[in-house]
Each structure stands twice: as C-alpha cells, then as structure tokens.
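# Fold and geometry: a report
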Amino acid sequence: MKRIIAAIAVVMMAVSVMVGQEEQSQTPKTLFPYPVVPDTISTLENRSNFFVTHFWDNCNLGRQITDKELLRSAFSDYVTFFRYAHRNVVHTSVSDLMNKAQSNMQNFWMIADNAEQALYSNEAVLQSDEAYMLFINAILRSSKVKKSEKERYQRQAMKINGNQIGAQLPGVSLKGVDGKSINIDNIKAATIIVAFIDPECDDCNIARLRLSTNVALNSIIDGEKLALVCIYPGPYSKEWAAEASTYSDKWIVAASEDADERFDLRQMPTIYVLDADKKIVAKNVRAEDILNMVNP
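Residues numbered from 1 in each chain as written. Predicted model: local features only at pLDDT ≥ 70, side-chain atom pairs only at ≥ 80, totals over all residues. Heavy atoms only, no water.

## A word on the overall build of the protein chain
Scanning the protein chain from terminus to terminus reveals twelve helices and seven strands. Projected onto its principal axes, the C-alpha coordinates of the protein chain cover approximately 65 × 50 × 30 Å. Here the protein chain holds 296 residues, and the buried ones make up 45% of them. Considering the protein chain, the positive charge centre built from 32 side chains and the negative charge centre built from 36 side chains are found 4 Å apart. (Helix = DSSP H or I, 4+ residues; strand = E, 2+ residues; numbered from the N terminus. Buried < 20%, exposed > 50% of the residue type's maximum accessible area, 1.4 Å probe, protein only. Lys, Arg positive; Asp, Glu negative; His and termini not counted. Charge placed at Lys NZ, Arg CZ, Asp CG, Glu CD.)

Laid out in structure tokens, this is it:
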C-alpha cells in the first residue's frame, strides 16, 4: 500500500509541476521559466513529451550561465521526466539541447557534467545508460570538442556499450592467487557468475560471505552447473593473494588490473551473470538475487 501511495504521489507531483498552476510565491526559484503544458494535453506521456521538448525554450544557452546550483536543479527536473516521455522525444530533445549549447562551450561542459551526475553517477536522479549515451554521443560528434577531451567519454562509451545485456563479456586479463593467468573462456559451466569484489569494501565482504556460505549455491557449483569467478579490480600483489587464499575454495579467484577500464564498476560489489557462451544475461545483480535464484 505504501508503494502504491508513493507512486501516485510521484505522478501527481509530475503533473503539478508541468501544469504550473501554483502561485508564483509558492514556486521555488528556477534558472528560467519552465514550460506550461496546455490543458488540452491530458495523458501523462503526452504532457511529459511537451515538457521535455520545450523545457529549454526559455533558457538562453548562448549566454554564460553563472548560477551552477540552479542549473543543476533545472537539469535534475528535466531528466526526471525522461521516464514518462517517449524515448524518441528524449533523443530529439537531448540532441537539440547539446547542439544549442555549443554556442557557449562553458555551458556545454556544465550540461555534460550535469548529465554524468544525474544519469550515470551513483547519486543519479535517473540512472540510465541509454539516456547518458545520448549526451556522450553528442560530445563525441562535436567538432568543437578536442580529441583529448573526447578520450574520457570514449572510455565511458566503451564500458557502457561493452556491458549491455546480450553482449559478449569484455576480454580482461586475470591473474589467479597462484600468480598464473586465468582465461574465463576456458571455464565450462551453464551459468557463470562474475563478482567484482574489493576487500576494502564492506558491502563486498558481506556479499562474499553470504555467497560463500550458502549451501544451495555450493551444491550447484559442486555439480559443475555453475561457476563463480571472484575478481579483485586491482593489481596482483602478495598481500592480496594472501587474503584471497582464504576465500571459498569452490570459487575461481583472480585479480585484474585493467578491470576498471573494461567493466562498469560504479557500484561495488558489481555482479554479472553469464551464459555458457560468456554472454551477459544480467548485470548489477545483488547477492540476494543470486541466493533467491538458487535456494528452493
């Protein structure tokens, strides 16, 4: 019941913001006037489409924006409605926004930073790889952006595109506890769980202990229907190897110095599920999800 009430509250808030019927004295200060959706548009999707399409109409992107906090707030309001609008409308709106913002490159980069924070970071208003890629692609297409400035976004694009559901697991170098190389392609199992675990991360250690002590999961691993690969996203060292040697002997444990260059490790632990062909069937899985899957 609480979830239903919360969902209704979100929708009502969305409609209220878009209609813009509150008194000026009750409306928080904004960087520019937001669009007012005509009363003739009734559905939430169509109202959101109008709002997203016309959101930046009253913002002069050619003039330097000096209030970064109000820009951050405006951008947050903008992307909040991505979830209700049609994806084609969002694509067109972002393209138009980034094209216009190139008239003032300081504004352009502030918008790019806000996009990363609002759509890609751990504190994202709406964590969406698809939406963030719209901004990355605009940056990579821009003739006003230097090659050196594009490199960081190219790396992000590589990680996002290479970690999608259905994609082949990116190649990565692995070194086992004994210092020998490990090739994931040589692992034979119908299902492979790849868990990135940092020993300095408390949540990682809790997940590791829960997985390693689960009787049902260990039984499936013993039956060779499932393999669990535990990867430390960092360089091999004797200190790490000494600690990793205490991990479950049913796991394949390795260190990977270049993991962060190939995988999306914004959240730790990060867990992927692969099929027998090493294709990603699920990502950002929780330890709880795995235990629910294997426990009868």
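That covers the picture; the talk isn't over yet.
## Focus: the pattern of salt bridges
Inspection of every chain in the model, using the stated rule, returns nine salt bridges. Between Asp 129 and Arg 266 there is a salt bridge; the shortest N-O distance is 3.0 Å. Highlighted residues: Asp 129 in helix α6 (residues 129-141) and Arg 266 in the loop between α11 (259-262) and β6 (270-275), separated in sequence by 137 residues. Note on Asp 129: relative accessible area 14%, which makes it buried. Classification of Arg 266 as buried rests on a relative accessible area of 19%. Measuring nitrogen to oxygen at the nearest pair gives 2.9 Å for the salt bridge that ties Asp 289 to Arg 286. Since its relative accessible area comes to 28%, Asp 289 is described here as partly exposed. According to the relative accessible area criterion, Arg 286 is partly exposed, its value standing at 49%. Sharing partners across several salt bridges, the network here consists of Asp 129, Asp 264, Arg 266 and Lys 283. (Salt bridge = Lys/Arg side-chain N within 4 Å of Asp/Glu carboxyl O.)

## Examining the sheet that holds strand β5 (residues 252-255)
Read across the open sheet, the seven strands follow the order β2-β1-β5-β4-β3-β6-β7; overall the sheet is mixed. Looking at the sheet topology across the chains shown, the edges are occupied by β2 (181-182) and β7 (280-282). Of the pairings in the sheet, the one linking strand β3 (residues 191-196) to β6 comprises six bridges and is antiparallel in character. Bridging from a neighbouring strand, Ile 193 pairs with Val 273 of β6. (Pairing = 2+ DSSP bridges.)

## Some words on the side chain of Asn 114
Here Asn 114 lies in helix α5 (residues 105-119). For Asn 114, a relative accessible area of 13% corresponds to the buried category. A polar side-chain atom of Asn 114 sits 2.8 Å from the main-chain carbonyl oxygen of Met 110. The contacts of Asn 114, once residues within four sequence positions are left out, are Leu 71, Arg 72 and Phe 75. (Polar contact = N/O pair within 3.5 Å; in protein donor to acceptor, adjacent residues only side chain to side chain. Contact = heavy atoms within 4.5 Å.)

## Let's talk about the packing of helix α2 (residues 44-54) against helix α4 (residues 87-101)
Where α2 meets α4, the closest approach of the two axes is 9 Å, and the angle between their N-to-C directions is 10°. Relative to α4, α2 is oriented roughly parallel. For the pair α2 and α4, contact is made by Asn 49, Val 52 and Thr 53 and by Val 89, Val 90 and Ser 93, respectively. (Axes fitted to C-alpha atoms, helices over the stretch in contact; angles between N-to-C directions. Parallel < 35°, antiparallel > 145°, perpendicular 65-115°, else oblique.)

## Examining the nonpolar core
Among the nonpolar cores identified, the biggest contains 47 residues, and Trp 56, Phe 75, Tyr 78, Phe 82 and Phe 135 are the most heavily contacted of them. Per-element accounting of this core gives the leading share, eight residues, to α6. In contact with Trp 56, other than residues within four places in its own chain, are Phe 32, Leu 71, Phe 75, Tyr 78 and Leu 97. (Core = buried A, V, L, I, M, F, W, Y, C linked by side-chain atoms within 4.5 Å.)

## Notes on unusual backbone geometry
Note that the residue after Met 268, namely Pro 269, is joined by a cis bond; omega there is 0°. Mapping Pro 269 onto the fold places it in the loop between α11 and β6. For Lys 278, which is not a glycine, the phi torsion comes out positive at approximately 70°. Here Lys 278 falls in the buried class, since its relative accessible area comes to 7%.

## A closer look at the pairing of β3
Counting buried positions along β3 gives five out of six residues, so the element sits mostly inside the fold. The sheet contact formed by β3 and strand β4 (residues 226-232) spans six bridges and is parallel. Within β4, the residue paired with Thr 191 across the bridge is Leu 226.

## Focus: α6
Taking 1.5 Å per residue, 13 residues should reach 18 Å; α6 reaches 18 Å between its end C-alpha atoms and fits that length. Along α6, the residues classified as buried are Asp 129, Ala 131, Tyr 132, Met 133, Leu 134, Phe 135, Ile 136, Ala 138 and Ile 139. Its buried side turned inward, α6 meets α3 (68-80), α4, α5 and α7 (147-162). (Expected span 1.5 Å × (residues − 1).)

## Some details on the packing of aromatic side chains
Considering all chains together, one arrives at 23 aromatic pairs under this definition. Ring geometry for Tyr 34 against Phe 51: centres 6.2 Å apart, planes inclined by 80°, an arrangement best described as edge-to-face. Taken together, the positions of Tyr 34 in the loop between α1 (2-19) and α2 and Phe 51 in helix α2 put the pair 17 residues apart, joining distant regions of the chain. Since its relative accessible area comes to 17%, Tyr 34 is described here as buried. Plain terms: the ring middles of Tyr 78 and Phe 82 are 4.9 Å apart, the flat faces sit at 80° to each other, and that makes the pair edge-to-face. (Phe/Tyr/Trp six-rings, centres within 6.5 Å; stacked < 30°, edge-to-face > 60°.)

The analysis is restricted to geometry; functional conclusions fall outside its scope.
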